[in-house]
There are 2 protein chains.
Amino acid sequence: MKLHILCIGNEILGGRVLNTNLASLGSLCEEHGWHIERETCVPDDLETIRRETVAALATADVLVTIGGLGPTTDDLTRPAVAAALTLPLQWQPEVAARIRTFLSQRQITIHDEAVNLQAMVPAGAEILPNPNGTAPGLCIPTPSGQLVFLLPGPPHEFMPMARNEMLPRLQARFARTEVADSVFCVGIAESNAAVIAEAVAQRHGGFDIAYCAKPAQVYIRFTTVPERAAALAAAMRDLRQELSAQALPQGCQSVVEGIAQVLAKDGLVMATAESCTGGGIAKAITDLPGASAFFHGAVISYDNAWKTRFLGVPESLLAEPGAVSEAVARAMLQGLLDLKVAQVGIAVTGIAGPTGGTLEKPVGLVYVATGRQEKITVRRYQFAGDREAIRERVVAMALVQLWQGLTAPEAQKH
Amino acid sequence: MKLHILCIGNEILGGRVLNTNLASLGSLCEEHGWHIERETCVPDDLETIRRETVAALATADVLVTIGGLGPTTDDLTRPAVAAALTLPLQWQPEVAARIRTFLSQRQITIHDEAVNLQAMVPAGAEILPNPNGTAPGLCIPTPSGQLVFLLPGPPHEFMPMARNEMLPRLQARFARTEVADSVFCVGIAESNAAVIAEAVAQRHGGFDIAYCAKPAQVYIRFTTVPERAAALAAAMRDLRQELSAQALPQGCQSVVEGIAQVLAKDGLVMATAESCTGGGIAKAITDLPGASAFFHGAVISYDNAWKTRFLGVPESLLAEPGAVSEAVARAMLQGLLDLKVAQVGIAVTGIAGPTGGTLEKPVGLVYVATGRQEKITVRRYQFAGDREAIRERVVAMALVQLWQGLTAPEAQKH
């Protein structure tokens, strides 16, 4: 299946929204053994959308357009795709009725013009119900047997429709074209991981290898045809073995999942004490469904007074060596563990910038304390980048540091 | 200037990384009066990258490729663009030397092959220094006067290079082609905001209008040619006036900035008490540089015992009506304010899912308490979507609820 995606919206090209739909759809497709061959994003312009639709259908088996189905004048996907396929637009009374019901159930003012605009549908299109918004999705077969899906842009409307309406229609028509497996590694440079991965792949007859480096993590993915599934499995076993301590356990998609497994095994509970990350570590942990099993809470001591009041950090330490220091990171974690509400913790203190840096303590300087009562590790990091990048890296590195401590041979002896 | 972007990487199409670079670049361009005309994302495949480069240069003045400059075998942008431009690749000793220095300063193992791969540069390319990574950027002029920029994919390498190296080179060649201004609204449906915006635009001679709806927010942007800057300013004044209480103050890019302004004016400090958001509100607030001026900390009481221990929520309330209730949201905020470390607060309790819902308390049920000691508002929300969507909406809505309370006519009388 040749799958092309056409994303529509000035807001994506103008940087006002992140294209999370593409990522969600990409994951969904890989899960089901396909990959997206090409994605294009264009502005809310009728002729441009029409032209890109025609161009995509010159080679694609399936084209999925995302966005531009809303009620405003810059929502042009319906007429543009209709023009590309030379189909007339027809007013569908049942679509209009559904939109009216949806709006009145939510006590939203109904504008006739907006409703009627959204009820204009290319002739021959199948209507895909949208339980989460006004715009229905559409599935249009072309005379040459291709499928064009028009899906709405808001992520909470898009993804349920992709999963519940688009996916079964694709599965009915197209077989899985590839099998893949992946390893998440932490604490290894991409280039070093690559040397290991290439050697393993070669030993097992070769695979398409993809790497993806995120802060403190490298993701390695081997892909091949379904017929070589056994070779893939053998290669992945080898790869895991060679990466040993640097590979997250099989099935773990993130360091947080790795931490969850270790803590669950030992029946331990964790908490965080955060300064410069401002809750980012707790947020990252609780992104995982079921985090309440091993994560109980956090003290976000953004202000120094909070560090003293809630974590018992001595004021003398805050004066000298200062809030951003090894001693304060250690005292924050010690104070958190002394509350006796968690056996394992993370504490961070640092300078995320853009201001607040000095010659001795520049922006990006961060101390991370991790571990348990009898065994606290504190490490000093100097991160590069802007405030957002620094905060993202601190979150990632703090989780990696905790995971490495929990899984170190010494830790396992306890 | 016709600006095309070519993003390279299976990891984007496979959903393993979000294309944040596109968003950052889009914002940077709009800030400087240009817009991205088209973005395409293709896999790490030499012939595909070559073909897309040729296709883009058929119409673009400037092509920016992002990614594929790394040290692994799937990094193919350099040879693909060289092939598209029929330029030979040449080994550049000074590039190799810089990479070696960069790696050895960071005590990273040097693999000769990887270094030499990254030092192969299309003939005639200008080297753009990369202080944050190994891969240098490249700027290649074409015989017909176009510019091709090859920029690295990791965001902390990409964005500094885009801003410091690419931008000045574009500014030297291309004038601003548009002016734009925008209004952020909260607590108004996109369709209602659109009715107002269209009327205002029409009264002032028309503009390109873009809408962008995010959870609890609508962003309206008017764009026009530089010659019509005065009409744009007049229209924006009108639009602000018509939206009145629903528009964030001029210059505010987010509700958090609006809250920051109000709190700064009144010399107030805030804190949060979070359950289902797990630190997401505190994280969103501290995303704003300088948040420490008005945000002092948070108690993330993910576990019920934390709600009692640190926020003084009576155990009887947790038993009945239960942790997810108006009474507990109110008690969490009351308890937070009683700590006397902040005059204003947000407290949230809810069910983010995917499990934990019941018939009476389904997934997505959330109570949000906002305000100050003498005036606490608690509202009940029922959000749709998956765990991630629900948590994102709670964060957005909690901030909007606080802002609305702080700016309500009644609040201003105090």
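Anything mentioned here points back to the structure above.
Note that the coordinates shown come from a computational prediction; the quantities given were computed from them, not determined experimentally. (Residues numbered from 1 in each chain as written. Chains lettered and ligands numbered in written order. Predicted model: local features only at pLDDT ≥ 70, side-chain atom pairs only at ≥ 80, totals over all residues. Heavy atoms only, no water.)

Caption draft 1: Just the nonpolar core, in detail. Ranked by size, the top nonpolar core spans 85 residues in total, and within it I259(A), M270(A), F294(A), L399(A), I259(B), M270(B) and F294(B) carry the most contacts. Ranked by size, the runner-up nonpolar core spans 58 residues in total, among them V64(A), L151(A), M166(A) and L25(B). (Core = buried A, V, L, I, M, F, W, Y, C linked by side-chain atoms within 4.5 Å. Buried < 20%, exposed > 50% of the residue type's maximum accessible area, 1.4 Å probe, protein only.)

Caption draft 2: Quick look at the sheet that holds strand β10 (residues 208-214) of chain B. Residues and elements named next belong to chain B. Read from one edge of the open sheet, three strands run β9-β11-β10, paired in antiparallel fashion. The open sheet terminates on both sides in strands that have one partner only, identified here as β9 (179-186) and β10. Across the sheet, the axes of successive neighbouring strands diverge by a mean angle of 15 degrees, strand direction being ignored. By the bridge criterion, eight bridges tie β9 to strand β11 (residues 217-224) in an arrangement that is antiparallel. Among the inter-strand pairings, A180 is bridged to a residue of β11, identified as T223. (Pairing = 2+ DSSP bridges. Helix = DSSP H or I, 4+ residues; strand = E, 2+ residues; numbered from the N terminus. Axes fitted to C-alpha atoms, helices over the stretch in contact; angles between N-to-C directions.)

Caption draft 3: Region of the structure containing the relation of the copies chain A and chain B. After a rotation of 180 degrees and a shift along the axis of 0.1 Å, chain A superposes on chain B with an RMSD of 0.1 Å. Overall, the copies show the geometry of a two-fold rotation axis. In this assembly the copies share their binding face: 100% of the residues contributing to the interface of chain A also contribute to that of chain B. (Least-squares fit on C-alpha atoms with pLDDT ≥ 70 in both. Contact = heavy atoms within 4.5 Å.)

Caption draft 4: Layout of the packing of helix α13 (residues 315-322) of chain B against helix α14 (residues 326-338) of chain B. Residue and element names in this part refer to chain B. As a packed pair, α13 and α14 sit with axes 8 Å apart at the nearest point and diverge in direction by 155 degrees. If you check the angle between α13 and α14, you find them roughly antiparallel. The segment α13 lies against α14, with L317, L318, P321 and G322 engaging A327, V328 and A331. Residues of the contact of α13 with α14, tallied by class, amount to six nonpolar, one polar and no charged. (Parallel < 35°, antiparallel > 145°, perpendicular 65-115°, else oblique. Nonpolar A, V, L, I, M, F, W, Y, C, P; charged D, E, K, R; others polar.)

Caption draft 5: Local environment of the pairing of strand β1 (residues 3-8) of chain A. Residue and element names in this part refer to chain A. The buried count for β1 comes to six of six residues, which makes it a mostly enclosed element. Taking every second residue as pointing to the same face, both faces of β1 are buried, with L3, I5 and C7 on one and H4, L6 and I8 on the other. Note that β1 and strand β3 (residues 62-66) share five bridges and pair parallel. Opposite I5, over in β3, you have V64 as the bridge partner.

Caption draft 6: Up close: helix α5 (residues 93-105) of chain B. Residues and elements named next belong to chain B. When the terminal C-alpha atoms of α5 are compared, their 18 Å separation across 13 residues agrees well with the 18 Å that a helix rising 1.5 Å per residue should span. Among the residues of α5, those classed as buried are V95, A96, I99, F102 and L103. Projection of α5 onto a plane perpendicular to its axis shows the buried side chains occupying an angular sector of 125 degrees, all on one side. In α5, those exposed residues whose orientation departs by more than 90 degrees from the buried face are R98 and Q105. Packing partners of the buried residues in α5 comprise β4 (89-91), α6 (112-118), β5 (120-122) and β6 (126-128). Directly after α5, the chain includes Q107, whose backbone phi takes a positive value near 55 degrees. (Expected span 1.5 Å × (residues − 1). Arc of directions from axis to C-beta.)

Caption draft 7: Spatial organisation of the packing of helix α8 (residues 190-203) of chain B against helix α9 (residues 229-243) of chain B. Residues and elements named next belong to chain B. The geometry of α8 relative to α9 is characterised by a closest axis approach of 9 Å and an angle of 150 degrees between their N-to-C directions. Looking at the two axes, α8 sits roughly antiparallel to α9. The interaxial crossing formed by α8 with α9 has right-handed handedness. Across the interface between the two elements, I196, A197, V200 and R203 from α8 touch A235, D238, L239, E242 and L243 from α9. (Left-handed = near helix turned anticlockwise from the far one by under 90°.)

Caption draft 8: Quick look at the side chain of D75(B). All names here are of chain B. For D75, the location among the structural elements is in the loop between β3 (62-66) and α4 (77-84). Comment: no salt bridge for buried D75; closest opposite-charge side chain is R78, at 6.3 Å. In this structure the side chain of D75 is engaged in a polar contact, spanning 3.3 Å, whose partner is the backbone nitrogen of G70. Apart from residues lying up to four places away in sequence, D75 is in contact with G68, L69 and G70. (Lys, Arg positive; Asp, Glu negative; His and termini not counted. Salt bridge = Lys/Arg side-chain N within 4 Å of Asp/Glu carboxyl O. Polar contact = N/O pair within 3.5 Å; in protein donor to acceptor, adjacent residues only side chain to side chain.)

Caption draft 9: Broad picture of empty space enclosed by the protein. Considering all chains together, one arrives at two cavities of 30 Å³ or more under this definition. Of the pockets and cavities examined, the largest cavity occupies roughly 60 Å³. Residue lining of the largest cavity: H4(A), I5(A), L6(A), R38(A), T40(A), E52(A), A56(A) and L63(A), and that is the complete set. Those elements giving two or more residues to the lining of the largest cavity turn out to be β1, β2 (36-42) and α3 (46-57) of chain A. With three residues, β1(A) is the largest single contributor of residues to the lining of the largest cavity. Across the lining of the largest cavity, the residue classes break down as four nonpolar, two polar and two charged. Counted as a void, the second largest cavity has a volume near 40 Å³. If you trace the second largest cavity, you find it lined by V299(A), F310(A), V299(B), F310(B) and L339(B). (1 Å grid on protein atoms, 1.4 Å probe; cavity = no way out; pocket = protein on both sides within 12 Å on 5 of 7 lines; lining within 4 Å. Points joined across faces, edges and corners; volume = space filled by probe spheres on them.)

Caption draft 10: How the structure looks around the pairing of strand β15 (residues 365-372) of chain B. Residues and elements named next belong to chain B. Of all eight residues making up β15, seven are buried, and the element is well covered by its neighbours. Relative to β15, strand β14 (residues 344-350) is paired through seven bridges, and the arrangement is antiparallel. Paired with G350 across the two strands is V366, which belongs to β15. Sheet analysis places β15 next to strand β16 (residues 375-382), joined by eight bridges and oriented antiparallel. The residue of β16 that forms the bridge with A369 is V378. Taking the residues that link successive antiparallel strands as the turn, the β15-β16 hairpin has two residues.

Caption draft 11: Molecular detail of the packing of aromatic side chains. Applying the stated criterion across every chain, the model contains ten aromatic pairs over all chains. Measuring from ring centre to ring centre gives 5.3 Å for F207(B) and F222(B), while their planes differ by 20 degrees; the resulting arrangement is stacked. Of this pair, F207(B) sits in the loop between α8 and β10 while F222(B) is found in strand β11, placing the two residues 15 residues apart along the sequence. F222(B) gets classed as buried once you look at its relative accessible area, which sits at 0%. The ring of F207(A) carries R228(A) above its face, with NZ or CZ at 4.7 Å from the centroid. (Phe/Tyr/Trp six-rings, centres within 6.5 Å; stacked < 30°, edge-to-face > 60°. Lys NZ or Arg CZ within 6 Å of the ring centre and 35° of its normal.)

Just distances and angles here, no functional claims.
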